[in-house]
Amino acid sequence: MTIDEIVVTARRREENLQEVPIPITAVSEAALQRQDLKTAIDIERQTPGLSICCGRGFATSPYLRGVPGVVGYFAEVPAPLDGGGQYFDVRGVEVLKGPQGTLFGASTNGGAILFEPQTPQETFGGRVGLVAGSRNRATLEGVLNAPVTDSLAIRLSGQYHKADGYIEDTVSGVKLGGDDWYVARASVLWRPTDALSSTTIVDYYRNIGTPYPGVVRAIDPNGRYVRVAGAAAANAFLAQQLALGPYKLPGYSTPDARRDDRQLKVINRTEFDLNESLKLKNFAGYTEVTNFQYYERGGTPRPLLIIGVPPAARPDPTKQYSEELQLQGHTDRLSYTLGSFNIMADQPATQGFTSNLGSVSGAINRTLSRTNALYGEAEYDLSDLAPGLKAIGGYRYTWDYRKASQVRTNAAGTPLQSFTASERWSAASYRLGLQWQVAPRTQLYITSSKGYSSGGFNLTAPEAARRFDPESLNNHEAGVKSDWSLGGMPVRTNLSAYVGDYDNVQVSVTTRVDTAAGPLLTTVTQNAAKARIKGVEGEFVIRPFQGFELSGNGSLLDAEYTRYEGLDSTGAQLLDLSDTAFVYTPKQKYSLAANYTLPLEESMGRIALAADYTWQSEVYTGARRKPVPFYFTRPGFETLNMSVSWTDALGRPGLDAIFFVTNVTENTLSNGGLNVYDVLGVWALNSAEPRTFGLRLNYAFQ
């Protein structure tokens, strides 16, 4: 018995996960299908240290180890984490933890999430798939891989997914939170010579499902919502809502809620072997992203906070262009990667309207960003000092340019105020470390790395407070990765411990700003804090006997501000705010998984039983001083998923069936919601997708 090798690309080349001195959680394509993982929220629950806000299908605010700088990469090109298209027809998902600011730039203070799509192969084959399940679930999939000539191969893949909503408005009968998306992908591999290969990927994703609101859990009796709706109506609504529970609403102000999210990705990866020890790589990417939602975010029968109010319509797409050139080489002792990275994102002027307790206002927003960087990382063999010892060194220098503008309008779109800002920043990031292969299957490593996240703007603030500078994280980490044996049982254990010094942290404070009219108190984002983040993470796999595998992971995380100062609301006193809570940072999180393959005759195929359990502690959803009010706290929760898979069913190669049940424990909690209790007087939490049954059938052919 052995434990399978996992191949990752965390250092921009294919390597065995056990030989990479970076803490990584890797999820295979088989696990994605077995556990029905199809959004970022699903990946979050499998990954220690990862938290994602704010809702199923959205990843607007991902956090790794309490730090918000997390970037997604699709085929090694920066890409959105939102949506479900990138979880289909991929080799797997890799979550890299800690600053990745050398080989992955673009604000990866917390880490990076990598999606590696399947690419064309030089043999004919493919598969078709069908999933049917709860809430009228229907998913259709198809993949075709075909060689065209000796030097040309194509891969065509597509997925259509639809499921009814799970939050019902009992007045209109509308079900919110439904899925309705498709993804179409075409990949072409051209290999004119053994030394040259070029892969082009065109990927299109569209989601026209229904958005879903937070479900109200509390109303401030003295808040603005009560003053507008009236105490009797507000109290009656709250009583009804609490009686109905987390999946039904006693009326909803936007039963015609809708969304239209689109993503287009065009990617080219070209590799040229200059000689046996030197390779040139180029990654070119073009991305278009359009997000439009119209819905009441608070789940109330009376308008509370509605986004996408008509006449707002689907905006023009945000366009992103990226170009990265790499040179990879190696000698007897040295391996290295050198590169340049360039990216530009342009969001055109977009008119939006929001209804706040029935009062409609608008804004026209526009942003432009450019990032350029040069980098290099090398690994040097120090076996003369100690067998298996290597030194790691990497450096990256980044130049950023940001520009933003906003025009505030009334409900008719008439301009009222305008604001604009632009700025340039630059900074260095690095990685230093040692890795030591102390035994053929055991590696120790120690690293020190620095990440960097760009500055930004408080657009509507006075000019003197309109900009804030970059923040950085210096992370120091030690770990061990080992495959070993316990009484003849193969065991894999990966452990790491880290301490991070988080500097110039971008936080919200009240400050005094000098203006032409005199000093003014205002609340803005400034680099007003420092913090220390420390923790321990671990993963294990053990195979006690033939056919049975037990695995798990866990994390302990402690994040605290060491300095955080701001004025009180009167401006008369400087406050120590270092007891402010980190948001979306569970102190404890763990998961356990068991997989047992029944001892059957080979002619029957392979039947496996699997269960996956996850638990995490409470998180704070707002940066408030401790003790944090209840309306900025989301309790901890547990989730259990189970499946039965039949590979080569009835002895027919390529025919697979998976019966799965997700959320067996009927957990109702999910990240995100609408927390405007101290502004509008309402606290609403997102509801987790309820218990779901499904049957997946796959047939692979060649």
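Use the structure listed above.
The numbers attached to residues start from 1 for each chain and follow its sequence in the written order. Only residues with pLDDT of at least 70 are given local features in this predicted model, and only at 80 or more are side-chain atom pairs given and counted; all residues enter the totals for whole chains, interfaces and linings. To obtain the side-chain values, all non-hydrogen atoms of the structure were included, while hydrogens and water were left out.

Draft legend 1. Quick peek at the pattern of salt bridges. The term salt bridge refers to a side-chain nitrogen of Lys or Arg lying within 4 Å of a carboxyl oxygen of Asp or Glu. Counted under the stated rule, the structure contains 46 salt bridges. Its salt-bridge partner being arginine 206, residue aspartate 260 comes within 3.0 Å of it at the nearest N-O pair. Of the two residues, aspartate 260 is situated in the loop between strand E19 (258–259) and strand E20 (261–275) and arginine 206 in strand E16 (residues 196–207); the sequence distance between them amounts to 54 residues. In DSSP terms, a helix is any run of H or I states spanning at least four residues, a strand is any run of E spanning at least two, and both are numbered starting from the N terminus.

Draft legend 2. Structural view of the packing of aromatic side chains. For Phe, Tyr and Trp, where Trp contributes only its six-membered ring, two rings pair if their centres lie within 6.5 Å, and the inter-plane angle classes them as stacked under 30 degrees, edge-to-face over 60, or tilted in between. Considering all chains together, one arrives at 23 aromatic pairs under this definition. When the centroid spacing of 6.3 Å and the interplanar angle of 55 degrees are considered together, the rings of tryptophan 181 and tyrosine 205 count as tilted. Taken together, the positions of tryptophan 181 in strand E15 (residues 179–193) and tyrosine 205 in strand E16 put the pair 24 residues apart, joining distant regions of the chain. For the pair tryptophan 181 and tyrosine 205, one class covers both residues: buried. Three or more aromatic residues joined by ring pairs make a cluster, and in this case those are Phe630, Tyr631, Phe632, Tyr677 and Trp683. In this structure, arginine 12 is placed above the aromatic ring of phenylalanine 104, and the distance from its NZ or CZ to the ring centre is 4.9 Å. The cationic tip of arginine 12 hangs over the ring face of phenylalanine 283; the distance from NZ or CZ to the ring centre is 5.1 Å. Burial classes: relative accessible area under 20% of the type maximum marks a residue as buried, over 50% as exposed, and values in between as partly exposed (1.4 Å probe, protein chains only). Whether a charge sits over a ring comes down to the Lys NZ or Arg CZ being within 6 Å of the ring centre and within 35 degrees of the ring normal.

Draft legend 3. Spatial organisation of the nonpolar core. Counting 25 residues, the largest nonpolar core has Leu32, Ile43, Phe74, Tyr87, Val93, Ile113 and Phe115 as the members making the most contacts within it. Among the elements of the structure, helix H1 (29–34), helix H2 (40–44), strand E4 (50–53), strand E6 (70–74), strand E7 (77–79), strand E8 (90–97) and strand E9 (111–117) are those that each provide at least two residues to this core. Contact definition: two residues touch when any of their heavy atoms are within 4.5 Å. The residues touching phenylalanine 74, leaving out its near neighbours within four places in the chain, are Ala79, Gln86, Phe115, Pro117, Arg185, Ile201, Asp203, Lys265 and Ile267. Within this scheme, the nonpolar core is defined by two criteria: the residues are buried Ala, Val, Leu, Ile, Met, Phe, Trp, Tyr or Cys, and they are joined through side-chain atoms within 4.5 Å.

Draft legend 4. Local environment of helix H4 (residues 231–244). For H4, which comprises 14 residues, the first-to-last C-alpha distance of 20 Å matches the rise-based estimate of 20 Å (1.5 Å per residue) to within 8%. Every buried residue of H4 is accounted for by Ala234, Phe237, Leu238 and Gln241. The buried residues of H4 occupy one face: seen down the axis, they fall within an arc of 100 degrees. Set apart from the buried face of H4 by more than 90 degrees, the exposed residues are Ala232 and Ala243. Expected helix span is computed as 1.5 Å times (number of residues minus one). This arc is taken over the directions from the axis of the helix to the C-beta atoms.

Draft legend 5. Examining the sheet that holds strand E18 (residues 248–249) more closely. A strand pair is defined by DSSP finding two or more bridges across the two strands. Judged by pairing direction, the sheet is mixed, and its three strands sit side by side in the order E14-E13-E18 without closing on themselves. Lying at the two open borders of the sheet, with one neighbouring strand each, are strand E14 (175–176) and E18. Relative to E14, strand E13 (residues 167–169) is paired through two bridges, and the arrangement is antiparallel. Paired with isoleucine 167 across the bridge in E14 is leucine 176.

Draft legend 6. Local environment of the sheet that holds strand E17 (residues 215–219). Strand order across the open sheet formed by three strands is E17-E44-E43, with antiparallel pairing between neighbours. Of all the strands in the sheet, just E17 and strand E43 (669–676) have a single pairing partner and so form its edges. Looking at each pair of strands side by side, their axes are set apart by 25 degrees on average, direction ignored. Bridging between E17 and strand E44 (residues 682–687) involves four bridges; their strand directions are antiparallel. Across the sheet, the residue bridging to alanine 218 is tryptophan 683, located in E44. Every axis corresponds to a line fitted to the C-alpha atoms, with the helix fit spanning only the stretch in contact, and the corresponding angles, defined between N-to-C directions, vary from 0 to 180 degrees.

Draft legend 7. Spatial organisation of unusual backbone geometry. Each neighbour pair has its own omega, and for lysine 626 with proline 627 the value is 0 degrees, a cis peptide bond. The topology assignment puts proline 627 in the loop between strand E39 (619–620) and strand E40 (633–634). Of note in the backbone geometry, asparagine 663 takes a positive phi value of approximately 55 degrees without being a glycine. Judged by its relative accessible area of 4%, asparagine 663 is buried.

Draft legend 8. Structural view of the environment of valine 507. Looking at the element boundaries, valine 507 is found in strand E33 (residues 489–515). In sequence terms valine 507 and serine 454 are 53 residues apart; their C-alpha atoms lie 14 Å from each other.

Draft legend 9. Looking closely at the side chain of threonine 511. Considering the arrangement of structural elements, one finds threonine 511 in strand E33. Residue classification places threonine 511 among the buried residues on the basis of a relative accessible area of 14%. If we ignore the near neighbours within four places in the chain, the residues touching threonine 511 are Leu520, Leu521, Thr522, Val524, Gln526 and Leu567.

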